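# Descriptive structure summary
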Amino acid sequence: MAGDKLDPYRGKRDRKRTPEPIPENAPLPQGNDDTFVIQEHHARRLHWDLRLERDGVLVSWAVPKGLPRDPSTNHLAVHTEDHPLEYAAFEGEIPKGEYGGGRVLIWDRGTYETEKWTEREVKVVLHGSQVSGRYVLFQTDGKNWMVHRMDPPLDPAEEPLPRVLLPMLASRRSRLPSAADGYTFEFAWGGERTLAYVEGGRVRFTDATGADVTGDHPRARALGAQLGARPALLDGEMTDLEGTPTYVIFDVLHLDGRPLLAEPHHRRRAVLDRLGLSGAHWQNAPSFPGEGAAVRRVARDRGLPGVIAKRRDSPYVPGTTSDAWLLIPT
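In this text, all values refer to a predicted model and were calculated from it rather than measured experimentally.

## Side note on the nonpolar core
With 33 residues, the main nonpolar core has Leu50, Leu52, Trp61, Leu67, Leu126 and Leu137 as its most contacted residues. The greatest single-element share of this core, amounting to five residues, is contributed by strand β3 (residues 57-63). Sequence-distant contacts of Leu67, defined by excluding residues within four places in its chain, comprise Ile38, Leu50, His75, Leu126, Val131, Tyr135 and Val147. If you look at the next biggest cluster of nonpolar residues, it comprises 21 residues, including Ala220, Leu223, Ala232 and Leu272.

## Topic: the environment of Gly133
Assignment of secondary structure puts Gly133 in strand β8 (residues 132-141). What makes Gly133 buried here is its relative accessible area of 9%. The spatial distance from the C-alpha of Gly133 to the C-alpha of His265 is 36 Å, given a sequence separation of 132 residues. Other than its neighbours up to four places away in sequence, Gly133 contacts Val124, Val125, Leu126, Arg149 and Asp151.

## Topic: the packing of aromatic side chains
Summed over all chains, the structure comprises nine aromatic pairs. Taking 6.3 Å as the distance between ring centres and 40° as the angle between the ring planes, the aromatic pair formed by Tyr183 and Phe185 counts as tilted. No difference in accessibility class separates Tyr183 from Phe185, as the two residues are buried. Clustering of aromatic rings is evident, with ring pairs tying together Tyr9, Tyr87 and Phe90. Over the ring of Tyr197 we find Arg204; its NZ or CZ atom is 4.1 Å from the centre of that ring. For the cation-ring pair, Lys310 lies above Trp325, with the distance from its terminal atom to the ring centre recorded as 4.1 Å.

## With respect to the sheet that holds strand β21 (residues 321-329)
Spatially, the five strands line up as an open sheet ordered β10-β21-β20-β11-β19, and their pairing is mixed. If you trace the sheet from one side to the other, it starts and ends with β10 (169-172) and β19 (288-289), each paired once. Sheet analysis places strand β11 (residues 183-188) next to β19, joined by two bridges and oriented antiparallel. Counterpart to Thr184 in the pairing with β19 is Pro289. Set on the sheet, helix α3 (residues 265-275) makes contact with β11, β20 (306-311) and β21; between it and β11 the angle comes to about 60°.

## Looking at the pattern of salt bridges
Any two side chains of opposite charge can pair if their charged atoms end up close together. Counted according to the given criterion, the structure contains 19 salt bridges. Of the charged contacts in the structure, one is a salt bridge between Arg69 and Glu158, with a shortest N-O distance of 2.7 Å. On the criterion of sequence distance, the pair formed by Arg69 in the loop between β3 and β4 (75-84) and Glu158 in the loop between β9 (144-149) and β10 is long-range, its members being 89 residues apart. The partly exposed category is assigned to Arg69, whose relative accessible area is 34%. For Arg267, the salt bridge identified is with Glu263, shortest N-O distance 3.5 Å. Relative accessible area serves as the criterion here: at 47%, Arg267 is assigned to the partly exposed category.

## A word on helix α4 (residues 292-302)
All of the buried residues along α4 are Gly292, Val295, Arg296 and Ala299. Buried residues of α4, viewed axially, fall in a sector of 100°; they line one side. Positive backbone phi, at 75°, marks Gly303, one or two positions downstream of α4.

## Quick look at unusual backbone geometry
For Asp33, which is not a glycine, the phi torsion comes out positive at approximately 50°. Structurally, the position occupied by Asp33 is in the loop between α1 (7-11) and β1 (35-42). Asp33 sits in the partly exposed class, given a relative accessible area of 23%. At Asp55, a residue that is not glycine, the phi angle is positive and equals roughly 55°. Relative to the helices and strands, Asp55 resides in the loop between β2 (46-54) and β3.

## A few points about the environment of Lys96
You can see Lys96 is positioned in the loop between β5 (92-94) and β6 (102-117). With relative accessibility at 81%, the residue Lys96 sits in the exposed group. Along the backbone, Lys96 and Met146 are 50 residues apart, and their C-alpha atoms lie at a distance of 29 Å.

## Quick notes on α3
Burial in α3 covers these residues: His265, Arg268, Arg269, Val271, Leu272 and Leu275. End-on view of α3: buried residues confined to an arc of 160°, all on one side of the axis. Positive phi shows up at Gly276, right after α3, with a value of about 60°.

## With respect to the side chain of His217
Within the fold, His217 resides in the loop between β13 (202-206) and α2 (223-227). When neighbours within four sequence positions are excluded, His217 is seen to be in contact with Glu192, Phe205 and Met238.

Definitions and limits used
Residues numbered from 1 in each chain as written. Predicted model: local features only at pLDDT ≥ 70, side-chain atom pairs only at ≥ 80, totals over all residues. Heavy atoms only, no water. Core = buried A, V, L, I, M, F, W, Y, C linked by side-chain atoms within 4.5 Å. Buried < 20%, exposed > 50% of the residue type's maximum accessible area, 1.4 Å probe, protein only. Helix = DSSP H or I, 4+ residues; strand = E, 2+ residues; numbered from the N terminus. Contact = heavy atoms within 4.5 Å. Phe/Tyr/Trp six-rings, centres within 6.5 Å; stacked < 30°, edge-to-face > 60°. Lys NZ or Arg CZ within 6 Å of the ring centre and 35° of its normal. Pairing = 2+ DSSP bridges. Axes fitted to C-alpha atoms, helices over the stretch in contact; angles between N-to-C directions. Salt bridge = Lys/Arg side-chain N within 4 Å of Asp/Glu carboxyl O. Arc of directions from axis to C-beta.

Here it is in structure tokens:
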């Protein structure tokens with residue numbers, strides 16, 4: 001009977017253990033074949049699920065990096081089992097150990113129009129709040145498909161993350177700056193300078209020379225899931241906080257397709273603070289405008305190597321040693 005389309009879905013789930021909708025085996029409802037939803041799925045690996053209403057079910061693809069916003073890049077889309085129409089409204093926590101265990105959030109939803117639908121190719125026009133425009137999904141190998149944006153970029157002003165950026169370095173000084181009100185003060189942690197490139201929920205780390213060190217910091221890579229679909233370039237230090245390897249973040253250089261290098265430090269810092277990044281192995285560094293002497297005393301008491309004074313109006317100039325940033329040893 002028609003309801004058999006959902007047998008693979010039911011076979012992977014236990015209605016006693018998961019909050020997901022599991023309809024009885026019955027005739028499928030008839031809709032208008034015009035609803036879509038994109039769900040952010042914090043499973044073992046963060047991904048996004050694209051679901052299109054078709055013939056009484058949600059035809060589904062898991063998209064590891066989300067839908068491309070620009071036609072220059074195609075993204076992998078893995079065809080998965082059909083889901084019930086009720087799943088278009090589902091948000092919740094699938095218990096650990098269950099199929100797809102993890103948190104599910106609705107990232108976008110809306111309506112769509114079908115331009116073409118075959119077993120190997122699907123062309124649609126999406127009308128959502130986050131994503132809109134013409135997309136095509138095409139099969140490449142079994143369950144593996146690709147998704148391509150057919151329209152111009154969602155935001156023509158967006159700029160991709162740079163492939164490699166060298167960090168801005170501080171000049172060494174023996175004394176705190178006299179005009180303390182013009183500076184923000186941070187601790188020098190004594191760790192390894194590290195930049196984090198976050199895209200599609202995944203993180204790539206580089207060191208002060210631009211070398212890829214992602215494999216050296218497996219625990220901090222979960223930072224990508226907190227940022228989700230937001231592309232970002234962060235600056236910080238890999239250090240040890242009370243025995244825990246921690247990525248301490250003190251700057252944001254690129255966010256949501258917008259470079260921030262020319263923004264003054266105090267504005268970049270405000271953007272970083274609004275992100276509220278905090279996890280078991282990463283956190284925003286504390287900062288203290290105008291409090292140089294107090295920060296230096298605390299640094300000395302904690303056995304930290306020094307204090308960084310950053311001029312509040314300073315832009316970020318990659319690969320330079322700047323007098324706008326000062327390292328004052330304890």
